[in-house]
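# Survey of secondary and tertiary structure
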Amino acid sequence: MDVMNFYTDPAVIRSSVEKVKNAARDFRNQHQRVPVIMEVCGSHTMAFARSGIKTALKDDVNLIAGPGCPVCVTDQKAIDAMIGLAGKQDTILCTFGDMMRVPGSRRSLVDARTEGKDVRVVYSPVDSVTIAERNPEKEVVFLGIGFETTIPLLAMAVRKAERLNLKNYSVWMTTKLVEPVLRTLLDSGEAEVDGFLLPGHVSVVSGEKSYRFLTAEYGLPGVITGFEPVQLLSGTYKLVRMLREGKHAVVNDYRSVVGQSGNQIAQSLMTTYFTFSDEEWRGMGAIPASGLVLKEAYAAFDAKRRFNVTVPPQRKTACRCGEIIKGRIAPEDCALFGKGCTPVNPVGPCMVSTEGTCAAHYQYMREE
Amino acid sequence: MKRISLAHGEGGELTERLITEVFVKAFGNEAHAAYDAAVLESAGSTLAITTDSFVVKPLFFPGGNIGTLAVTGTINDLAVSGAVPLAMTAGFILEEGFPLSDLKAIVSAMASEAEKAGVAIVAGDTKVVAKGEADGVFINTAGIGQVYGGNGGKIREGDKVIVSGTVGDHGIAILSARNELGLLSDVKSDCASLHPMLSNITYGLSGVRIMRDPTRGGLATALVEICEHHRVTVELEEGAVPLKREVEGACDILGFDPLYLANEGKALFVADEKDAEQILERLHREEKGKDARIIGRVTEAVSAGRLLMRTAAGSTRRLHRLSGLILPRIC
């Protein structure tokens, strides 16, 4: 059996499910409740739902989704600003695919495109620089969302634009960092969790040691894990086992790609081009130093400084995405779930993103 | 639904709503609208009729071009309806400035595909619109066929679901050819005519309940439609659906589910258990069917109409129609 087949092998998956269940039952016997584990990363949320593991473990482990989907935490105002920019003459707005349907106050970028605005989907920010190079008569703006996984790519895009001496390229930064949001969640006391499954992709960049504060300051365990079913189960098992034994360590269960100190080149790109900024998180408000913006030296590539965009007043909806990303409620607890809010007609971003908690529940766990 | 969006053309939930709320509401004939082709009785013979429009971008992609798609797509709609395709028409909407050499290449591919399947292209139409009013070339086709297949009867518990080969190849080939995703893949579209293969495969078998070609919306959407229309529950086995490794890898990277990606040369069968092995055996003898697999079975013959996936973790999850546009994820 090759390595990839091992990670998805039904026999290994089923025996791993049993191991997790047994460890979780020990925990329940000790504590008279099931362990509560937050998967910080949206891709984990989706992988748990799609693989059927979340359903298989539902009586034994309470897996709750955290604030790790970049689309879900992007503030409504940022979408409104982007729609405003897309409406400017001679402007090409570029963004990632799953940003397209996120509703702003009233409309999404798909709506803007339907109305004839030039909004394009790219897979990499660097592709948007190529678009700027090929369209010198147009202003090309990239909507730069994402966590540590994506931010180095934004730096690469700016570096390429700088090297090409492009005058028509800029990035609208609304990036997010994992550590500040986890601290905010824990400090608020809103997240009643026993431990964390830590994001594999983010950890590739930030490294194992970036989570030491969890154990040192909050006494909570965490496991960095991958995305295949066997990896998800291995990470969950190691976490439940620590909880059962009362241990509080950060375990790297994704050693094949995550190092102690992370990716130094990516980190150096980030510190070269960006500096900390206070960021607005959808449903959570402003969190100090929780994002990155372009340094003064690269102001020419900063769309926020280049364009004056007025944002309409925010629209209040019954959407409870804010509580969902904090792990306070499950998607099914929101009155809009599956009724007024579906992937075809999303009200909140958690229903839009391919990594969104509501989308995961709607797509993979909905019974009707 | 105030305006048409791209998602209305993806073959999923919004397409379904557009058809039922706009077209069927105005035109009626709901029973015919549920299938790839409408089956009509005329002067003692049973005919199948279909129409389709092709607006693919890019026009040329690994494994074919818009012309190949237009011919094979039309033939396949007839073939999965149990018909021998007799003739088809082709209407062209051409954009001012479109290179004649490209048009010749497209038309030549059409002629070659039609000849291979023994189908005549017997009528056509040409319109030219001003630059910017179309995207190179759009093709509309209609096809007519003679129905040969007997009715395989009502779907029963225990019936098997078979797919004739790997799924999602066309979807990934098109996305790679668009070169918008930084995706380097040499996956070719599966674009191919299913005639005469299907008539050979099903010859003499009485238990073929239904055949479909899972195009837009993919395998999952086609099966959901079958489940809902026939009010049955189908349970697929995770890992049983054949996938090319490159397609699986691309889907992992982009966050796509291959079950929802378009196929242009695959057939889906629901067949009596006793005929299923025979179908599989016959498919395996064909180049286009060599990767065919039994992927699931009908677990309830009377139900609200559900498609389920038995996961490797031992649980089941429900599969729904494609909802909205397929868009790549961020990380």
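Everything numeric here is computed off the predicted structure, so don't read it as measured data. (Residues numbered from 1 in each chain as written. Chains lettered and ligands numbered in written order. Predicted model: local features only at pLDDT ≥ 70, side-chain atom pairs only at ≥ 80, totals over all residues. Heavy atoms only, no water.)

## Overview of unusual backbone geometry
Residue B:P58 follows B:K57 across a cis peptide bond; omega there is 0°. Among the secondary structure elements, B:P58 is positioned in the loop between strand 2 (45-54) and strand 3 (60-61). B:H195 connects to B:P196 through a cis peptide bond whose omega is 10°. In this structure, B:P196 sits in the loop between helix 5 (169-178) and helix 6 (197-202). Positive phi outside glycine occurs at A:D90, with the angle close to 60°. Tracing the sequence through the fold places A:D90 in the loop between helix 5 (76-86) and strand 3 (91-95). The residue A:N165 is not glycine, and still its phi comes out positive at about 55°. Here A:N165 is to be found in the loop between helix 8 (151-163) and strand 6 (169-175). (Helix = DSSP H or I, 4+ residues; strand = E, 2+ residues; numbered from the N terminus.)

## Remarks on the interface of chain B and chain A
With 38 residues of chain B in contact, the opposing surface of chain A contributes 44 residues. Summing both partners gives a buried area of about 3400 Å² for chain B against chain A, and 52% of it is carried by carbon and sulfur. Taken together, the links from chain B to chain A amount to one salt bridge. Here B:D257 and A:R50 are joined by a salt bridge, their closest N and O atoms 3.6 Å apart. For the pair chain B and chain A, the number of links is six residue pairs in polar contact (both at pLDDT 80 or more). Residue assignment for the side of chain B that touches chain A shows that the elements contributing at least two residues are helix 1 (13-27), helix 8 (245-254) and strand 14 (316-319) of chain B. Among the elements that line the side of chain B that touches chain A, the one with the most residues is helix 8 of chain B, at four residues. Grouping the amino acids of the side of chain B that touches chain A by side-chain chemistry returns 16 nonpolar, 10 polar and 12 charged. (Contact = heavy atoms within 4.5 Å. Buried area = accessible area lost by both parts, 1.4 Å probe. Salt bridge = Lys/Arg side-chain N within 4 Å of Asp/Glu carboxyl O. Polar contact = N/O pair within 3.5 Å; in protein donor to acceptor, adjacent residues only side chain to side chain. Nonpolar A, V, L, I, M, F, W, Y, C, P; charged D, E, K, R; others polar.)

## What about the environment of A:L220?
Residues and elements named next belong to chain A. Residue placement: L220 occurs in the loop between helix 11 (212-218) and strand 8 (222-224). Judged by its relative accessible area of 13%, L220 falls in the buried class. Placed 115 residues apart in sequence, L220 and S105 show a C-alpha to C-alpha distance of 37 Å. Leave out the neighbours within four places in its chain, and L220 touches L186, V193, D194, F196, L214, T215 and H248. (Buried < 20%, exposed > 50% of the residue type's maximum accessible area, 1.4 Å probe, protein only.)

## Concerning the domain arrangement of chain B
Residue and element names in this part refer to chain B. Each assigned domain of chain B is listed with its residue range as follows: domain 1 (36-147) and domain 2 (159-319). With 20 residues of domain 1 at the interface, the matching set in domain 2 holds 19 residues. Summed over the three residues of domain 1 that lose the most area to domain 2, namely P62, N76 and V80, the buried surface amounts to 30% of that side. The interface formed by domain 1 and domain 2 contains zero salt bridges. One can count four residue pairs in polar contact (both at pLDDT 80 or more) joining domain 1 with domain 2. (Domains from an automatic or database assignment.)

## Section: the sheet that holds strand 1 (residues 36-41) of chain A
Residue and element names in this part refer to chain A. Across the sheet, five strands lie side by side as 2-1-7-8-9; this open sheet has parallel pairing. Every interior strand has two partners, whereas the edge strands, strand 2 (62-68) and strand 9 (250-252), have only one. Pairs of neighbouring strands in the sheet enclose a mean axial angle of 20°, with direction left out of account. Pairing between strand 1 and strand 7 (residues 195-198): three bridges, direction parallel. Within strand 7, the residue paired with M38 across the bridge is F196. With respect to the sheet, helix 12 (residues 229-245) is in contact with strand 1, strand 7, strand 8 and strand 9, its orientation differing from that of strand 8 by roughly 160°. (Pairing = 2+ DSSP bridges. Axes fitted to C-alpha atoms, helices over the stretch in contact; angles between N-to-C directions.)

## Digging into the packing of helix 3 (residues 66-79) of chain B against helix 4 (residues 100-117) of chain B
All names here are of chain B. Between helix 3 and helix 4, the shortest axis-to-axis distance is 7 Å and the interhelical angle comes to 30°. Put simply, helix 3 runs roughly parallel to helix 4. Taken as a pair, helix 3 and helix 4 cross one another with a handedness that is right-handed. Only I106, A109, M110, E113, A114 and A117 of helix 4 make contact with helix 3, whose side of the interface consists of I66, G67, T68, A70, V71, T72 and I75. (Parallel < 35°, antiparallel > 145°, perpendicular 65-115°, else oblique. Left-handed = near helix turned anticlockwise from the far one by under 90°.)

## A few points about the environment of B:L259
Here B:L259 lies in the loop between helix 8 and strand 11 (268-271). Setting aside anything within four residues of it in sequence, one finds B:L259 in contact with B:G217, B:G218, B:L219, B:A220, B:V241, B:M309 and B:L319.

## Points about the pairing of strand 7 of chain A
Residue and element names in this part refer to chain A. Residues G195 and L197 line one face of strand 7 and the alternating positions F196 and L198 line the opposite face, and both faces are buried. Of the strand pairs in this sheet, strand 7 and strand 8 are connected by three bridges, and their pairing is parallel. Looking across to strand 8, one finds that F196 is bridged to G222.

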